[in-house]
Amino acid sequence: MSSLSRDDVAKLASLARIEMTEEELVNLASQFGSILDAVARVQELNLEGVKATSHPQPIENIFREDVVQPSLTPEQALSGAPAQEDQRFRVPQILGEAE
Amino acid sequence: MALTYDDVISKYEPVLGLEVHVELNTESKMFCSCSTTFGAEPNTQTCPVCLALPGALPVVNATAIESTIKIGLALNCQIAPYSRFARKNYFYPDMPKNFQISQYDEPICFDGYVDVEIETEEGPKQFRIEIERVHMEEDTGKSLHVGGATGRIHGAEYSLLDYNRAGIPLVEIVTKIVPGTGKYAPEVAKAYVAELRDILRGLKVSDVKMEQGSLRCDANVSLRLIGSDVLGTRSETKNVNSLRSVERAIRGEMIRHAELLNDGKKVKQETRHFQEDTGLTRSGRSKEQAEDYRYFPEPDLVPVAPDASWIETLRAALPERPSLRRKRLKEEWSVPDKEMAAMINADVLDIVESTVLLGADPTKARTWWLGEISRIANEKETAIADLSITPADVAEIVALVAAGELTDKLARQVVEGVIAGEGKPSEVVAKRGIKVVNDDGALMAAIEKVCAEQAETADKVRNGHVPAAGALIGAVMKETKGQADAARVRELLLGHLGH
Amino acid sequence: MIKKTAAQMSASLTSGETTSVALTQSHLDRINEVDSKVKAFLHVDGENALAQAAKVDAERAAGKKLHPLAGVPLALKDVLAQEGVPTTAGSKILQGWKPPYDSTVVSKLKQAGIVILGKTNMDEFAMGSSTENSGYGPTFNPWDLTRTPGGSSGGSAAAVSAFEAPIAVGSDTGGSIRQPAALTGIVGVRPTYGAVSRYGLIAYSSSLDQAGPFGRTVLDTAMLHEVMAGHDPKDATSINAAVPNVVSAARSADVKGKKIGVIKQLQGSGYQAGVLARFNESLDLLASLGAEIVEVDCPSFEFALAAYYLIAPSECSSNLARFDAMRYGLRTGDDNGASAESVMNATREAGFGREVKRRIILGTYALSSGYYDAYYGSAQKIRTLIIEDYKKAFTQADVLVSPTSPITAFKIGEKSEDPIAMYLADVATIPVNLAGICGMSLPAGLADEDGLPVGFQIMAPAMQDQRLYEVGSALEAALVSKWGGHLIDQVPALGGAK
Ligand SMILES: [Mg+2]
Ligand SMILES: [Zn+2]
């Protein structure tokens, strides 16, 4: 019987950037047992030596030529922006540095 | 307690690790067809793919793959017969998909090395830097932080994002840990980055402009007690943006670590940021827990499986390795060490070679580029490459001097004229009416005049004190407004005075 | 006019018996009449549809050579980007977003002159089997308005079965075209993975997603399939090969001498009696037409559901990371100097529904270090085994068959509190997706116990999509002659139809 605690779910939610309510955390934790039991069936078979398939079609080496095509106009690019300023996307203050 | 560098190296041995990110100079981005031109108006080089609009899909740029393989080959790497892209998942506003398409356990190139040479107290010494992997990924957008301290992320009220840079192809070159450099660690690191830059420039795959960010270095440093084989905790200093900074950052981190260790404190494993003004690093985001990037194979892309003949074609077309080329040129041109170093420092090796290939004498070519032309570039505060004088111009000038049609002094005027945009050397000569006086009659007249004016000196020469002739020659040159050939003047003068 | 098949509408347009504007208007009228009950559409684009129809009519009048489906109306699942038209994938997080570009499928529809009536409802980001997970409320099954039409393409299936559109586009990640087709008594095809471009299809699970056609007949479905399919350089996973000739296959209706493999694992316990009865009758019909029925064994299929519910959530946890309130879509919590991170957190909390969050969390877990090998890694290996099972089975049969869904349409709310029960709705359709092959569902009759439609599933190897149509059209013809008409003719009138 697999399970995840409320705190496990909270940690995953924070990794996934979802600010869940206490109720959601508790609910999800309670559902996770049966969900994990269902998916853990993948571990029932002996999979030693079996190759992993990450892609259903056996294709390789799909490239495009290094040729510039027209971009969107800045108006199009910014058309969905919740906020903008000086032709840039305006976003709330960023805490912490980039990678 | 403030330590000196000597204190540090008497007790500790540094261990380096270097990660270099190189922006490739492809026309279009890594996974979409937007232009990569530097400095465009914000958000004019974006599309559904590089903005991560819902539904958009990446397609790999063929030239980026080719460039990456070339880099791997130039760094003596193995090229993977099969490799895949992977998603590196983390949230950050300058990264539209909130995952970076990168490579994880299947990089396209791996297990290579670069040899670098530095000057030590015991003479030149070679170090081998082993390369762990060379992989492909994509750059992020740029954020502008508004409010609070200028441009700083801390205290900003909000940020403005420009995604023109998002998706520009990046190649990440990661070394294995580099032990055994001892006190030369900073110099070795600098030499490695410089060598890498030269190799990449030779391959023509990147602009390698550190100041524009097309080559960025992250330096990992840790210390261990001399004699110990236990690795210390490392710090990772990000975005060190000049060769000099590579050296300074590593030296600074070595001292900082040693001070902590000597005080019985621990070095924190963290990201630090190099500060150009102080030469110190400051702590970046400290991670409470190691970030879990949840790498998995990128399902929107298919594997890269370069066939052997493609790799061999690329290998055959590789340019000469910069270090070998330097060695060869040094021998061919018989350049002293110091002069060779000066040329490398001034970044004129390519241009001198082009000039020599156009027929100029190597010493003459070097002297022009490193001397007069460098001086003018300095004066104008511009790069030599940006002056409007070409190897062909210099080769022509050298030829004119050799033919006796210009004196060195006149040639300097011609160089000046070419740089001022007055045309090719021959045109400058014609326009300015520059001409060597090689009419012996005219020269003799000037010589007789000077000998009469400076009879005392002339007598000294007549009596066998030849070095005194210098002053007379100078005066003759002045009399002929520098247009005479000094050698011919000397010959005629000495003859005139009985030698 | 709305009761005709797309092929018949095409003929009427060609002969001049009707115009596209008239045809489009009658569908808009129908939508106006019944969609308040069915709720198939999230957005009806009447003005643009009529303009497009008028354009086609003008071109036809000018003697331009047109595609057979030119001027025929269509309903588009809201998962495909259409320039300037609200596109939400059924999620509140994309409410009001208008893409600045067309998906490749939409470009192809436009190029063929097909009239797009509007965007249809769906489970949010295609996660669900009932269309109850839409951020904009459920769609109702035209056969019984208290039941779900299946999902996630429930809006498109309901629109076609309620005569709001003759054909529709859906997408199928784990059965999202075939299962709603089964539950609404129509035909739905999930083409071979890579046959239809995914460019502009809002991703749920990249290695499983595939857009495909709905129609009321096998032929109509084939005609739309042909328009949608084809290589696209904008999709690196798109197959660079000729589209199988599905339209002529749909006209061939011939199964004589074909081997039809019944998958042992996709029947029996868990399958409703009425579903099995109709399935077996269809097998008998095929046998009577000269097909040879064999049984095939696919032992790994038992683990398909588990593998699917690891792979799809894993990929979606990454695919949906872009919905972060920075560049488009919903933004909440942006006040009093909130940080970008807290705005992301608040927006994703407010914008995503329960099932989406559940799958993102499950996927985040399955990919996290320490669990990757046990979950995601194992699931990818199961996938290999399923592919091998299919390979072997296809050496024994030309096509494989099973019931499409173990059950008929269930009541709204019946399974929404029990995710595992809901996941079981896709047990028979998921193996196709994991293997990247193609599958069709077509109506096999009504279950005795509830009078609701039953779907018959046909599966064929990758890029052998024409086999679905050969067998499907033969079975359809036999069933239609047995019933004296199409099954869909028995759908309740909804108080609208003339
Ligand atoms: Mg990297
Ligand atoms: Zn782009």
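The model shown is predicted, which means the values in this text are computed figures rather than measured ones.

A word on the environment of Met422(C)
Residues and elements named next belong to chain C. Positionally, Met422 belongs in helix H14 (residues 419-423). Assessed through its relative accessible area of 7%, Met422 is described here as buried. Discounting chain neighbours no more than four positions away, the residues touching Met422 are Ser129, Ser130, Glu132, Phe410, Lys415 and Ser416.

So, the coordination of the zinc ion (ligand 2)
All names here are of chain B. Around the zinc ion (ligand 2), the protein contributes the donor atoms Cys32 (SG), Cys34 (SG), Cys47 (SG) and Cys50 (SG), which lie 2.3 to 2.4 Å from the metal centre. Mapping the donors of the zinc ion (ligand 2) onto the primary sequence gives the spacing C-x1-C-x12-C-x2-C. You can see Cys32 sitting in the loop between strand S1 (12-23) and strand S2 (60-61) and its partner Cys47 sitting in the loop between S1 and S2, a full 15 residues away along the chain. The residues Cys32 and Cys47 share a single accessibility class, namely buried.

Overview of the coordination of the magnesium ion (ligand 1)
All names here are of chain B. With distances of 1.9 to 2.5 Å, the protein atoms coordinating the magnesium ion (ligand 1) are Glu137 (OE), Glu137 (OE) and Glu172 (OE). Of this pair, Glu137 sits in strand S7 (residues 123-138) while Glu172 sits in strand S10 (residues 169-175), and the two are 35 residues apart along the sequence. Accessibility assignment for this pair places Glu137 and Glu172 in one class, buried.

Remarks on the interface of chain C and chain A
On the side of chain A, 50 residues touch chain C, which itself brings 61 residues to the contact. When residues of chain C are sorted by the area they lose upon contact with chain A, Phe303(C), Ile361(C) and Lys381(C) head the list and together hold 13% of the total. For the pair chain C and chain A, the interface holds three salt bridges. Here Lys357(C) makes a salt bridge to Glu24(A), at a shortest N to O gap of 2.8 Å. Our enumeration of links across chain C and chain A arrives at 16 residue pairs in polar contact (both at pLDDT 80 or more). For the side of chain C that touches chain A, the secondary structure elements donating two or more residues are helix H10 (304-319), helix H11 (340-351), helix H12 (354-367), helix H13 (373-396), H14 and helix H15 (430-435) of chain C. Tallied by class, the residues present in the side of chain C that touches chain A amount to 34 nonpolar, 14 polar and 13 charged.

Considering helix H9 (residues 273-288) of chain C
All names here are of chain C. Taking 1.5 Å as the rise per residue, H9 with 16 residues should run 22 Å; its terminal C-alpha atoms sit 23 Å apart, in good agreement. Those residues of H9 that sit buried are Gly274, Val275, Leu276, Arg278, Phe279, Ser282, Leu283, Leu285 and Leu286. Just beyond H9, the residue with positive phi is Gly290, at close to 105 degrees.

Some points on the pairing of strand S5 (residues 99-102) of chain B
Residues and elements named next belong to chain B. Side-chain alternation along S5 places Phe99 and Ile101 on one buried face and Gln100 and Ser102 on a second face that is also buried. Where strand S4 (residues 86-89) and S5 come together, four bridges link them in antiparallel fashion. Bridging from a neighbouring strand, Arg87 pairs with Ile101 of S5.

What about helix H5 (residues 154-161) of chain C?
Since the α-helix packs 3.6 residues into each turn, any two residues three or four apart lie on the same face. Residues and elements named next belong to chain C. Within H5, eight of the eight residues are buried, which leaves the element mostly enclosed by the surrounding structure. Every buried residue of H5 is listed here: Gly154, Gly155, Ser156, Ala157, Ala158, Ala159, Val160 and Ser161. One or two positions beyond H5, positive phi appears at Phe163, with a value near 60 degrees.

A few points about the confidence of the model for chain C
In the predicted model, chain C carries a mean pLDDT of 96, and 99% of its residues have values of at least 70. Interface confidence for the predicted complex, given as ipTM, is 0.97, next to a pTM of 0.90.

With respect to the packing of helix H15 (residues 469-479) of chain B against helix H16 (residues 486-496) of chain B
Think of two packed helices as two axes; the pair is described by the angle between the axes and how far apart they sit. All names here are of chain B. With their axes 10 Å apart at the nearest point, H15 and H16 run at an angle of 120 degrees to one another. Considering the angle they form, H15 stands oblique to H16. For the pair H15 and H16, the crossing hand works out as right-handed. Here Ala469, Leu472, Ile473, Val476 and Met477 of H15 lie close against H16, whose contacting residues are Ala486, Val489, Arg490, Leu493 and Leu494. Each residue belonging to the contact of H15 with H16 can be placed in one class, and the counts come to nine nonpolar, no polar and one charged.

Topic: the packing of H9(C) against helix H16 (residues 465-483) of chain C
All names here are of chain C. At their nearest, the axes of H9 and H16 sit 10 Å apart, and the two run at 105 degrees to each other. Compared by their axis directions, H9 and H16 come out roughly perpendicular. From H9, Glu281, Ser282, Leu285 and Leu286 reach across to H16, where they touch Val471, Leu475, Ala478, Leu479 and Lys482. Class assignment for the residues of the contact of H9 with H16 results in six nonpolar, one polar and two charged.

Examining the interface of chain B and chain C
Chain B puts 29 residues into the contact, and the matching count from chain C is 37 residues. Taken as a group, Pro54(B), Leu57(B) and Arg294(B) account for 23% of the area that chain B buries against chain C, more than any other trio of residues on that side. Here chain B and chain C share one salt bridge between them. For the salt bridge of Asp300(B) with Arg198(C), the shortest nitrogen-to-oxygen distance reads 3.0 Å. Here chain B is connected to chain C by 16 residue pairs in polar contact (both at pLDDT 80 or more). Looking at the side of chain B that touches chain C, the elements with two or more residues in it are S4 and strand S15 (296-297) of chain B. Tallied by class, the residues present in the side of chain B that touches chain C amount to 21 nonpolar, three polar and five charged.

Considering the environment of Ser159(B)
Looking at the element boundaries, Ser159(B) is found in strand S9 (residues 158-162). Overall, the relative accessible area of 0% leaves Ser159(B) in the buried class. Sequence separation of Ser159(B) and Gly147(B) is twelve residues, and the distance between their C-alpha atoms is 8.7 Å. Contacts of Ser159(B), omitting those with residues within four sequence positions, involve Phe89(A), Arg90(A), Val91(A), Pro92(A), Ile94(A), Leu144(B) and His145(B). A distance of 2.8 Å separates a polar atom in the side chain of Ser159(B) from a polar atom in the side chain of His145(B).

Quick notes on the nonpolar core
Leu109(C), Phe125(C), Tyr390(C), Phe456(C) and Tyr469(C) are the most contacted members of the largest nonpolar core, which totals 175 residues. Among the elements that take part in this core, H10(C) stands out by supplying ten residues, more than any other. Residue contacts for Tyr390(C): discarding those within four places in its chain leaves Phe301(C), Leu400(C), Pro431(C), Val432(C), Ala435(C), Ile437(C) and Met459(C). The next biggest cluster of nonpolar side chains, apart from the first, holds 72 residues, and it includes Met30(B), Val188(B), Val205(B) and Ala219(B).

Looking at unusual backbone geometry
With an omega of 10 degrees, the peptide bond between Gly151(C) and Ser152(C) qualifies as cis. Looking at the element boundaries, Ser152(C) is found in the loop between strand S3 (115-120) and H5. Even without glycine at this site, Arg294(B) takes up a positive phi of about 45 degrees. In this structure, Arg294(B) sits in the loop between strand S14 (281-283) and S15. Even without a glycine there, the phi angle at Ala126(C) is positive, about 70 degrees.

What about the side chain of Ser368(C)?
By secondary structure assignment, the location of Ser368(C) is in the loop between H12 and H13. Taking the relative accessible area as the measure of exposure, Ser368(C) reaches 5% and is therefore buried. Not counting the four nearest positions on each side in its chain, Ser368(C) is found in contact with Asp292(B) and Arg294(B).

Describing the pattern of salt bridges
Opposite charge on two side chains permits them to pair, given that their charged atoms come into close proximity. All names here are of chain B. Counted under the stated rule, the structure contains 65 salt bridges over all chains. Across the salt bridge formed by Asp198 and Arg201, the nearest N and O atoms sit 3.9 Å from each other. With Asp198 and Arg201 both in helix H3 (residues 185-203), this residue pair falls three residues apart, about one helical turn. For Arg201, a relative accessible area of 28% corresponds to the partly exposed category. With a closest N to O distance of 3.5 Å, Glu236 and Lys238 form a salt bridge. Its relative accessible area of 15% is what places Glu236 among the buried residues. Here the salt bridges do not stand alone but share partners, grouping Glu320, Arg325, Arg328, Glu332, Asp350 and Glu353 into one network.

What counts, and at which threshold
Residues numbered from 1 in each chain as written. Chains lettered and ligands numbered in written order. Predicted model: local features only at pLDDT ≥ 70, side-chain atom pairs only at ≥ 80, totals over all residues. Heavy atoms only, no water. Helix = DSSP H or I, 4+ residues; strand = E, 2+ residues; numbered from the N terminus. Buried < 20%, exposed > 50% of the residue type's maximum accessible area, 1.4 Å probe, protein only. Contact = heavy atoms within 4.5 Å. Donors = N, O, S within 2.8 Å, 3.2 Å for Na, K, Ca; no water. Buried area = accessible area lost by both parts, 1.4 Å probe. Salt bridge = Lys/Arg side-chain N within 4 Å of Asp/Glu carboxyl O. Polar contact = N/O pair within 3.5 Å; in protein donor to acceptor, adjacent residues only side chain to side chain. Nonpolar A, V, L, I, M, F, W, Y, C, P; charged D, E, K, R; others polar. Expected span 1.5 Å × (residues − 1). Pairing = 2+ DSSP bridges. pLDDT = per-residue confidence, 0-100. Axes fitted to C-alpha atoms, helices over the stretch in contact; angles between N-to-C directions. Parallel < 35°, antiparallel > 145°, perpendicular 65-115°, else oblique. Left-handed = near helix turned anticlockwise from the far one by under 90°. Core = buried A, V, L, I, M, F, W, Y, C linked by side-chain atoms within 4.5 Å.

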